[in-house]
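The residues making up each chain are set out below.
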Amino acid sequence: MAGQPAEGAGTAPVALTERAPQVPADRLVAEMVPPPRFQSARFETYIPDPNQPSQAAAVQTLSDFAAGIGGATAASGGKRRWFGRSPKKAAAPSGPRGVYLDGGYGVGKTHLLASLWHATPADPARKAFGTFVELTNLVGALGFQQTVQTLSGHRLLCIDEFELDDPGDTVLVSSLLSRLVEAGVALAATSNTLPGKLGEGRFAAADFLREIQGLSAHFRPLRIDGEDYRHRGLPEAPPPFDDATVTRVAHRTPGASLDDFPALLEHLSKVHPSRYGAMCDDITAVCLTDVQAVPDQSTALRLVVLADRLYDREVPVVAAGKPFDALFSDDMLKGGYRKKYFRAISRLTALARDAKPLTEA
């Protein structure tokens, strides 16, 4: 049972289920930078697959994009084109003001997005980087007008994992990005879904077609092909352990957490997803007993957010119970959120692989 010390234990692990941090709005703004996993990401460290020419092409396009941002002035009323030749007249461009990286999971989109952030010649305080969920959480914390005011002075806004899960988010993000584009902010985003297809399969997208088309108009799609690098040429993730092994690992690993998986899922329902990152502060490894298939869609989506925050922070995961590829039902993996679930499986598998040295100590 989770929380019971193993024989010879020397360290008492913490429990994520006992954490419910309060995150002030100013921290949400200050943390809109590439996560620790991608702090050193640069175009030069991205290794394109020679069999996928779209990857090398993406590096060149984004390098040019970064240089173009450096020559622009934020809050200039949108008088510079980000793609193509500059117009003869100083008029607002009719084309896209941003780039949209489309591709499967694990082709390096986040690496490229973080590289763009680092390559853009602007003060870090004038560049913002966050996931789609973190952006909507920021609006929730600051309010719409304050968010517009806060981000309008930026040169660049990078949005990772761009997804529209409900009609409210569609209208909210469409309005926000339109205001930011008017202020001269360049946009960059990643997703597994082309901008014109956002929301498809999750709600009545036809009822919000104008908003979705408005979002699409802000971006120039940039397709990146390839296979998931997290599994490219690497061994499979270790199989799940038994509860006793996971408990022993937790007690001998300083800074580790130890939780019963069903209890953790229940706890996530009581903590706002904007706080999941703070909930993982100072955690060196996450140890989970009795991993089971998630019971419903809402629970599954919360788990996706937690998986993203753990992956961002490079926190290894040691688990007992079902393997990670059995977390989501067949219906979930065929539904509108399937790309999120496959991303979570991919990332948790990578973190389980990272945890292997802890189990062999």
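Everything here concerns the structure above.
Please read these numbers as outputs of a predicted model, since none were measured by experiment.

Draft legend 1. Looking closely at the sheet that holds strand β7 (residues 285–291). The sheet built from 3 strands is open, its strands ordered β6-β7-β8 with parallel pairing. A single partner strand is all that each edge strand has here, and the edge strands are β6 (256–260) and β8 (317–321). Each adjacent strand pair in this sheet contributes to an overall mean axis angle of 10°, direction not counted. Of the strand pairs in this sheet, β6 and β7 are connected by 5 bridges, and their pairing is parallel. Each residue of the ladder has a partner; that of D260, found in β7, is T289.

Draft legend 2. Examining the nonpolar core more closely. Formed by 63 residues in total, the largest nonpolar core has its most connected members in L112, L116 and F328. At 8 residues, the largest contribution of residues to this core is made by helix α11 (residues 297–312). Once you skip the residues sitting within four places of it in the chain, F328 turns out to touch V294, A300, L303, L333, Y341, A344 and I345. Core analysis: the next-biggest nonpolar cluster, separate from the first, contains 26 residues, L151, L180, V185 and L187 among them.

Draft legend 3. Here's a closer look at the pattern of salt bridges. Enumeration according to the criterion identifies 11 salt bridges in this entry. Between D102 and R223 there is a salt bridge, with the nearest N and O atoms lying 2.5 Å from each other. Of the two residues, D102 sits in strand β1 (residues 98–102) while R223 sits in strand β5 (residues 219–223), which places them 121 residues apart along the sequence. According to the relative accessible area criterion, D102 is buried, its value standing at 3%. Between R343 and E161 there is a salt bridge, with its nearest N and O atoms 3.7 Å apart. Here R343, found in helix α13 (residues 338–354), pairs with E161, found in the loop between β3 (156–160) and α6 (167–182); they are 182 residues apart in sequence, far enough to count as distant.

Draft legend 4. Representation of the environment of V271 in the model. Residue placement: V271 occurs in the loop between α9 (261–268) and α10 (276–279). Residue classification places V271 among the buried positions, given a relative accessible area of 5%. Once the C-alpha coordinates of V271 and Q22 are considered, the two residues, 249 residues apart in sequence, prove to be 9.4 Å apart. With sequence-adjacent residues up to four places away left out, V271 is seen in contact with R19, A20 and Y276.

Draft legend 5. Local environment of the packing of aromatic side chains. Inspection of every chain in the model, using the stated rule, returns 6 aromatic pairs. Arranged with centres 5.3 Å apart and planes meeting at 75°, the rings of Y100 and F219 form a pair that is edge-to-face. Residue Y100 is located in strand β1, and its partner F219 is located in strand β5; the two are separated by 119 residues in the primary sequence. Across the pair, F219 and Y100 agree in class, each one buried. Ring geometry for F132 versus F162: centroids 5.1 Å apart, planes at 40°, classification tilted.

Draft legend 6. Quick peek at the sheet that holds strand β4 (residues 186–191). The parallel open sheet is built from 5 strands, whose spatial order is β2-β3-β4-β1-β5. With partners counted over all chains shown, the strands left at the sheet margins are β2 (127–131) and β5, one partner each. Within the sheet, the average angular offset between the axes of one strand and its neighbour, ignoring direction, is 15°. Sheet topology places β1 next to β5; 5 bridges connect them, and they run parallel. By the bridge assignment for β5, G98 is matched with F219. Each of β1, β2, β3 and β4 is contacted by helix α3 (residues 109–119), which is oriented at about 165° to β3, the strand it contacts most.

Draft legend 7. Structural detail: α11. For α11, with 16 residues, the first-to-last C-alpha span of 23 Å sits near the 22 Å given by 1.5 Å per residue. α11 sits mainly inside the fold: 12 of its 16 residues count as buried. Within α11, burial applies to T299, A300, L303, V304, V305, L306, A307, D308, R309, L310, Y311 and D312. Near the N-terminus of α11, the side chain that reaches the backbone nitrogen of S298, with its oxygen 3.2 Å away, is that of D296. E314 occupies a position one or two residues after α11 and carries a positive phi of about 60°.

Rules and cut-offs
Residues numbered from 1 in each chain as written. Predicted model: local features only at pLDDT ≥ 70, side-chain atom pairs only at ≥ 80, totals over all residues. Heavy atoms only, no water. Pairing = 2+ DSSP bridges. Helix = DSSP H or I, 4+ residues; strand = E, 2+ residues; numbered from the N terminus. Axes fitted to C-alpha atoms, helices over the stretch in contact; angles between N-to-C directions. Core = buried A, V, L, I, M, F, W, Y, C linked by side-chain atoms within 4.5 Å. Buried < 20%, exposed > 50% of the residue type's maximum accessible area, 1.4 Å probe, protein only. Contact = heavy atoms within 4.5 Å. Salt bridge = Lys/Arg side-chain N within 4 Å of Asp/Glu carboxyl O. Phe/Tyr/Trp six-rings, centres within 6.5 Å; stacked < 30°, edge-to-face > 60°. Expected span 1.5 Å × (residues − 1). Polar contact = N/O pair within 3.5 Å; in protein donor to acceptor, adjacent residues only side chain to side chain.

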